[in-house]
Amino acid sequence: MGTRWSLTIDCARPARLAAFWALALGYTEKPAPAGFGSWEEWFAHHEVPEDEWDQGAYLCDPEGVGPGLTFMQVPESKVVKNRLHLDVQAGGGRETPWEDRWPRVVEAVERLTAAGATVVREDELQGRPDHVVMADPEGNEFCLL
């Protein structure tokens, strides 16, 4: 068994960015830790100052398979290109026939653009569209394939 891991994304508006990625990945808000009825209860128990309660947001894969995602508020804005990005296989990935995959990618581009993402570029492979490079509402790049 591999080591469990999660991904933390620095951002300006954690709740907004978490809502975008929940839509993009089919994730849900992570439930409060066992023994607590809400995150607020957990924060209070651990004496987290109330003015910090909205500085993070937490998502999980509803099937418990994928990694958890944490969105943490930071004071600085994004300045340069990501050194790490997600490949969102909205079309099923390259093992899915292009004729089935590409319409799903196009639908995902439309849905995520409506949710605040922007198209950076569309890349081709062997003369036809292969994947779309996008940026989330805070400018973090990701690919749809």
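As the structure is a prediction and not an experimental result, all values here were calculated from the model.

Caption draft 1: Broad picture of the state of the cysteines. Within the structure shown, the criterion is met by zero disulfides. Note on Cys-60: no disulfide assigned, nearest cysteine sulfur contributed by Cys-11 at a separation of 17 Å.

Caption draft 2: Fine view of helix H1 (residues 14-25). Along its twelve residues, H1 runs 16 Å from first to last C-alpha, staying within 8% of the 16 Å computed at 1.5 Å per residue. Buried within H1 are the following residues: Pro-14, Leu-17, Ala-18, Phe-20, Trp-21, Ala-22 and Ala-24. For H1, the elements touching its buried residues are strand S1 (6-11), strand S3 (56-60), strand S4 (68-73), strand S5 (86-88), helix H3 (98-114) and strand S8 (141-144). Where H1 terminates, the next one or two residues include Gly-26, which has phi positive at roughly 75°.

Caption draft 3: Structural detail: the pairing of strand S7 (residues 128-135). The buried fraction of S7 is high, at seven of eight residues. One ladder, built from seven bridges, connects strand S6 (residues 118-125) with S7; its direction is antiparallel. The residue bridging Asp-123 from the neighbouring strand is His-131, located in S7. Taking the residues that link successive antiparallel strands as the turn, the S6-S7 hairpin has two residues, and the phi of Gln-126 there is positive, at about 55°. Connecting the antiparallel pair S7 and S8 is a turn made up of five residues, with Gly-139 showing a positive phi of about 90°.

Caption draft 4: Structural view of the sheet that holds S4. An order of S1-S4-S3-S2 is seen for the four strands of this open sheet, with the pairing classed as mixed. On the outer flanks of this sheet lie S1 and strand S2 (28-29), each paired with one strand and no other. Sheet analysis places S3 next to S4, joined by four bridges and oriented antiparallel. Directly across from Leu-59, in S4, lies its bridge partner Leu-69.

Criteria and thresholds
- Residues numbered from 1 in each chain as written.
- Predicted model: local features only at pLDDT ≥ 70, side-chain atom pairs only at ≥ 80, totals over all residues.
- Heavy atoms only, no water.
- Disulfide = S-S within 2.5 Å.
- Helix = DSSP H or I, 4+ residues; strand = E, 2+ residues; numbered from the N terminus.
- Expected span 1.5 Å × (residues − 1).
- Buried < 20%, exposed > 50% of the residue type's maximum accessible area, 1.4 Å probe, protein only.
- Contact = heavy atoms within 4.5 Å.
- Pairing = 2+ DSSP bridges.

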